[in-house]
Amino acid sequence: MAVRPVLKMGEPLLRQVASPVERFDAALAELVADMDDTMRALHGAGIAAPQIGVGRRVVIFELKENPRYPHITPVPYTVLVNPRLTPLGAEQEEGWEGCLSVPGMRGLVPRFRRLRYQGFDLRGAPLDRTVEGFHARVVQHEVDHLDGILFPQRVADLRNFGFEDALAGQMTPMPD
Ligand code: NI
């Protein structure tokens, strides 16, 4: 277990499509342990394997109750392997996102409000959930990483993209 360096926007691996996990083995458990340590050390709400330099389709996320984000419903700790997303309805909503690979910056990103996600947990057991709001947003953000997409590419109007300290007071903050 170790806190690993997080790749920043511009690194080629962050633009690549990650490969599916084929074995639910000790190497996967070790990868997830490192993702976990890194996410917690940096106080992130989620992280994807490519962000620590591993091009595999694995994401983790969690949001505990936090007085900084009273408007956000907590999200249970989830390890999601080989995810598949299905938006439910066309409705989108905008939210201010950040990312451990884009430190210090925030952007207003539209995401599907409700979706179903399927995949596998760390042991290979199937996961199948229908979620909405921040939970749906964090899954879409993390799964984008597996397809080589970072949130600035999703910002609909680049006037709504900038440095967190400069934007303070103009946005409702969301966890990274
Ligand atoms: Ni991110």
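Shown above is the structure to which this text applies.
Caption draft 1: Structural detail: the pattern of salt bridges. Tallied over the full model, the rule gives 15 salt bridges. For Asp147, the salt bridge goes to Arg57, with nearest N and O atoms at 2.9 Å. In this pair, Asp147 sits in the loop between α2 (133-146) and β8 (161-163) while Arg57 sits in the loop between β1 (46-48) and β2 (58-63), placing the two residues 90 residues apart along the sequence. The salt bridge partner of Arg116 is Asp128, with a shortest N-O separation of 2.7 Å. Here Arg116, found in strand β6 (residues 114-120), pairs with Asp128, found in strand β7 (residues 126-132); they are 12 residues apart in sequence, far enough to count as distant. Look at Asp128 and you get partly exposed, because its relative accessible area is 45%.

Caption draft 2: Highlighting the coordination of the nickel ion. The protein atoms that coordinate the nickel ion are Cys99 (SG), His141 (NE2) and His145 (NE2), at distances of 2.1 to 2.3 Å. The sequence pattern formed by the donor residues of the nickel ion is C-x41-H-x3-H. Here His145 lies in helix α2 and Cys99 lies in the loop between β4 (92-97) and β5 (105-112), a separation of 46 residues in the sequence.

Each value, and the rule that gives it
- Residues numbered from 1 in each chain as written.
- Predicted model: local features only at pLDDT ≥ 70, side-chain atom pairs only at ≥ 80, totals over all residues.
- Heavy atoms only, no water.
- Salt bridge = Lys/Arg side-chain N within 4 Å of Asp/Glu carboxyl O.
- Helix = DSSP H or I, 4+ residues; strand = E, 2+ residues; numbered from the N terminus.
- Buried < 20%, exposed > 50% of the residue type's maximum accessible area, 1.4 Å probe, protein only.
- Donors = N, O, S within 2.8 Å, 3.2 Å for Na, K, Ca; no water.

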